[in-house]
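Coordinate analysis (summary)
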Amino acid sequence: MELTLADLLLTTDATDCRPIEGGFLLSAPRLTVDLPAAPQRYLYSGWQSWSLTAWVETSRPVEVLRPRLLHPMQTDPRYVQDRRPNGSWYGAVELPQGKIVFLGALGLESHVCLEQQRLHGWYEQAPAQGASQDWFLSAGEEEAIFSRYAELLGERLGKVQAEHAPRVWCSWYSLYTEISEPRLLKILNDLDWLPFDVFQIDDGWQRRIGDWEANEKFPSGMAWIANRIQETGRKAGLWLAPLLVVPSSAIYRDHRDWLLHDENGRLVSAGYNWREPLFALDTTHPAALEWLAGLMKKVRTWGYEYVKLDFLYAGALPGKRHADVPRETAYRQGLAVIRQALGDAYFLTCGAPILPSLGLCDAMRVGPDVADHWASPRDDDLLRNFAAPGIRNALRTTLHRLWLAPLVRPDPDVTYFHAWPGGATAEQRDLLQAMAEICGFKATSDLPSWLTESERSALAAFLENKLPARKTGRTRYAIGDQEVDFAFCVALPPSPSGWTKMTGAVAGQLANLPLVMNLFDALWKADLRKKLNATLGV
Ligand code: 9PG
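Residues numbered from 1 in each chain as written. Predicted model: local features only at pLDDT ≥ 70, side-chain atom pairs only at ≥ 80, totals over all residues. Heavy atoms only, no water.

1. Let's talk about the overall build of the protein
Helix and strand counts for the protein stand at 16 helices and 29 strands. Compactness check: the protein gives a C-alpha radius of gyration of 23 Å against a globular reference of 24 Å for 538 residues, within 12% of the reference. Here the C-alpha coordinates of the protein stretch approximately 70 × 55 × 50 Å along the principal axes. Within the protein, the proportion of its 538 residues that are buried is 59%. In the protein, the proportion of contacts linking residues at least 24 apart, taken out of those at least 6 apart, comes to 71%. Total accessible area on the protein is roughly 21300 Å²; 52% of this is exposed by carbon and sulfur atoms. Distance between charge centroids for the protein: 3 Å, based on 56 positive and 64 negative side chains. (Helix = DSSP H or I, 4+ residues; strand = E, 2+ residues; numbered from the N terminus. Rg over C-alpha atoms; globule rule 2.2 N^0.38 Å. Buried < 20%, exposed > 50% of the residue type's maximum accessible area, 1.4 Å probe, protein only. Contact = heavy atoms within 4.5 Å. Areas by Shrake-Rupley, 256 points an atom, 1.4 Å probe, with all protein chains shown as cover. Lys, Arg positive; Asp, Glu negative; His and termini not counted. Charge placed at Lys NZ, Arg CZ, Asp CG, Glu CD.)

Shown next as structure tokens:
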């Protein structure tokens with residue numbers, strides 16, 4: 001069938017097709033769309049918060065990110081070997097005259113890829129009885145297309161828009177797992193004069209991933225410290241990764257049947273972190289679901305009103321589930337149980353599959369972690385990993401996901417205020433600030449005691465200001481009376497050749513070895529401990 005959109009002639013093999021505002025609504029489990037010209041750029045749509053999302057030249061070979069060990073936690077492992085430009089749920093191409101053609105699913109478990117001059121879209125599963133498998137086909141100008149796509153998704157998946165996002169102090173990007181009761185109490189006291197709404201405790205309080213009780217560094221317990229936070233007039237926030245389980249946890253020992261297995265009965269890998277392999281909870285298992293709901297209620301009873309749930313992709317990994325439910329639907333059902341159990345807590349999702357989380361959370365991390373550096377040659381040139389922590393990787397992916405704002409509050413991750421020698425430059429920190437302003441989500445991990453006089457006033461102004469932000473171009477925004485262009489964050493570093501390419505292949509292999517990962521982790525931690533001991537006093 002031939003369709004005309006924005007003066008472009010498109011041919012599709014879908015037969016169920018009707019015009020709607022902004023394009024066509026197609027219904028088919030699989031379809032193709034033939035383009036009038038060879039596209040110059042393709043919009044990769046990453047599966048979860050940290051996965052690369054960006055416009056990339058079609059002339060560029062598709063590379064598989066390294067290391068393999070981290071694939072389940074950085075991309076959709078089902079498509080990681082696909083060498084065609086491809087992405088989760090939707091894809092877009094840019095034609096020579098700058099016109100965009102967009103194909104986006106309106107349901108879950110869907111994928112789009114480009115083969116020469118043809119877009120392919122498919123749903124992984126046959127439709128449930130009576131259900132349709134819909135697509136939005138559109139062309140023209142990027143912003144208009146995405147605002148219509150957001151509208152259509154909102155009708156089907158729901159949307160959440162709390163008027164104001166809380167201003168958050170988060171423990172991760174300064175203390176990492178080196179948090180403790182005395183340290184957090186000192187910081188809580190030090191930031192007394194700053195207008196934070198939430199004091200959020202990140203990773204490091206729990207006994208094990210899966211054993212969500214206070215460890216020995218929090219001797220008074222998690223309810224006690226939540227109360228200390230509340231006494232300062234702020235909300236207490238807590239991080240958990242409730243869909244992950246590690247071998248050293250009690251769940252792994254006592255409830256192996258709650259975990260996600262593959263067709264052969266083996267456990268499905270959810271990646272590697274905390275010096276342990278990661279496994280996933282099967283959110284279709286009734287006992288696992290009951291445990292999840294109980295955990296969320298416990299956190300609420302402790303006094304936490306802001307909850308950051310992380311590594312959520314684990315619930316949507318491919319596998320054979322207790323109930324025969326498609327993977328993203330299974331995740332979404334689990335998330336609905338979580339949302340219900342959390343009641344009116346502010347709910348931030350992280351490491352989360354994007355579309356399956358819509359309508360069920362207040363805010364969503366829409367990029368990889370920031371770090372106190374612009375980019376890392378190891379990740380850029382050797383591992384070719386653009387889901388790795390760093391300001392450029394975070395800005396790139398966040399920028400391409402700002403269209404989600406009508407559906408969920410986009411969290412661009414924290415902003416840095418202190419200038420450490422060798423760390424991010426003032427210009428780079430300003431870009432993070434600008435992105436936080438655009439998103440309307442403001443957070444930092446900086447310790448007040450680290451800040452100079454001028455850094456303190458910059459942080460205070462950042463928290464107090466609410467500058468109007470307006471999109472003025474594809475990568476340009478007007479923020480207050482400033483104009484910021486993120487264009488130079490978009491390009492991926494050039495493909496390496498020669499020596500760098502060879503070293504990269506070796507580094508990629510080494511990084512697949514848990515022992516090597518553990519060693520890097522140990523070295524990094526030793527460094528961090530030194531810095532914290534020297535600057536904290538507790
Ligand atoms: C706590 C952190 C912070 C942070 C989260 C998440 O791909 N990876 O190896 C990977 C590891 C950790 C990570 C992201 C990616 O960080 O985004 O804000 O909460 O967990 O452990």
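2. Digging into the nonpolar core
Formed by 148 residues in total, the largest nonpolar core has its most connected members in Y149, I201, W205, M222, Y304, Y313 and F486. Here this core gathers at least three residues from each of two domains, domain 1 (2-157) and domain 2 (168-535). (Core = buried A, V, L, I, M, F, W, Y, C linked by side-chain atoms within 4.5 Å. Domains from an automatic or database assignment.)

3. Side note on the domain arrangement of the protein
Looking at the assigned domains, one finds that the protein contains domain 1 (2-157) and domain 2 (168-535). Distance between the C-alpha centres of domain 1 and domain 2: 27 Å. Summing both partners gives a buried area of about 4400 Å² for domain 1 against domain 2, and 59% of it is carried by carbon and sulfur. Applying the counting criterion to the domain 1 and domain 2 interface returns 31 residue pairs in polar contact (both at pLDDT 80 or more). Residue assignment for the side of domain 1 that touches domain 2 shows that the elements contributing at least two residues are β6 (41-44), β7 (54-57), α1 (71-74), β9 (90-94), β10 (100-105) and α2 (142-157). Here the element with the most residues in the side of domain 1 that touches domain 2 is α2; it accounts for eight residues. Taken together, the residues of the side of domain 1 that touches domain 2 break down into 26 nonpolar, eight polar and 12 charged. (Buried area = accessible area lost by both parts, 1.4 Å probe. Polar contact = N/O pair within 3.5 Å; in protein donor to acceptor, adjacent residues only side chain to side chain. Nonpolar A, V, L, I, M, F, W, Y, C, P; charged D, E, K, R; others polar.)

4. Things to note about the packing of helix α4 (residues 181-190) against helix α5 (residues 222-231)
Think of two packed helices as two axes; the pair is described by the angle between the axes and how far apart they sit. At a minimum axis separation of 11 Å, α4 and α5 run at an interaxial angle of 10°. As the angle between them shows, α4 and α5 are arranged roughly parallel. Facing α4, whose interface residues are E181, L184, L185 and L188, α5 presents W224, I225, R228 and I229. Taken together, the residues that form the contact of α4 with α5 break down as six nonpolar, no polar and two charged. (Axes fitted to C-alpha atoms, helices over the stretch in contact; angles between N-to-C directions. Parallel < 35°, antiparallel > 145°, perpendicular 65-115°, else oblique.)

5. Some points on the site of the ligand
Around the ligand, a shell composed of 16 residues is seen, among which Y173, D202, D203, K308 and D369 lie nearest. Take D369: an N or O atom from its side chain is 2.5 Å from an oxygen atom of the ligand. Breaking the shell around the ligand down by element, the ones donating at least two residues are α1 and α3 (172-175). Its residues assigned to classes, the shell around the ligand comprises eight nonpolar, two polar and six charged. Each of two domains, domain 1 (2-157) and domain 2 (168-535), supplies a minimum of three residues to the shell around the ligand. (Near = heavy atom within 4 Å.)

6. Comments concerning the sheet that holds strand β29 (residues 482-485)
Strands sit in the order β27-β28-β29 across an open sheet of three strands; the sheet is antiparallel. Two strands close off the open sheet at either side, each with one partner strand: β27 (469-471) and β29. Within the sheet, the average angular offset between the axes of one strand and its neighbour, ignoring direction, is 25°. In the packing of helix α12 (residues 426-439) onto the sheet, the strands contacted are β27, β28 (476-479) and β29, and the crossing angle to β28 comes to about 80°. (Pairing = 2+ DSSP bridges.)

7. Overview of the sheet that holds strand β23 (residues 346-349)
Judged by pairing direction, the sheet is parallel, and its eight strands sit side by side in the order β25-β24-β23-β22-β18-β15-β14-β26 without closing on themselves. Each edge of the sheet is formed by a strand with only one pairing partner; in this case those strands are β25 (409-411) and β26 (443-444). Strand direction decides the pairing type here: strand β14 (residues 168-170) and strand β15 (residues 198-201), joined by three bridges, are parallel. Looking across to β15, one finds that W169 is bridged to F199.

8. Topic: the environment of A241
By the secondary structure assignment, A241 is in the loop between β18 (235-240) and β19 (244-245). A sequence separation of 110 residues divides A241 from G351, and the C-alpha atoms of the two residues are 9.4 Å apart. Residues in contact with A241, not counting those within four places in the same chain, are I209, W212, D310 and F311.

9. Thoughts on the side chain of Q133
By the secondary structure assignment, Q133 is in the loop between β12 (118-123) and β13 (134-140). If we ignore the near neighbours within four places in the chain, the residues touching Q133 are L26, S27, A28, P29, Y123, Q125, A126 and P127.

10. What about the pattern of salt bridges?
This structure, assessed with the given rule, holds 31 salt bridges. One salt bridge connects R474 with E94, and the closest N-O pair in it is separated by 3.1 Å. With a gap of 380 residues between them, R474 in the loop between β27 and β28 and E94 in strand β9 connect regions that are remote in the sequence. Overall, E94 belongs to the buried group, its relative accessible area being 11%. Taking the shortest distance from any N to any O, the salt bridge between R339 and D362 comes out at 3.1 Å. Of this pair, R339 sits in helix α8 (residues 327-342) while D362 sits in the loop between α9 (354-357) and β24 (363-365), placing them 23 residues apart in sequence. For the pair R339 and D362, one class covers both residues: buried. (Salt bridge = Lys/Arg side-chain N within 4 Å of Asp/Glu carboxyl O.)

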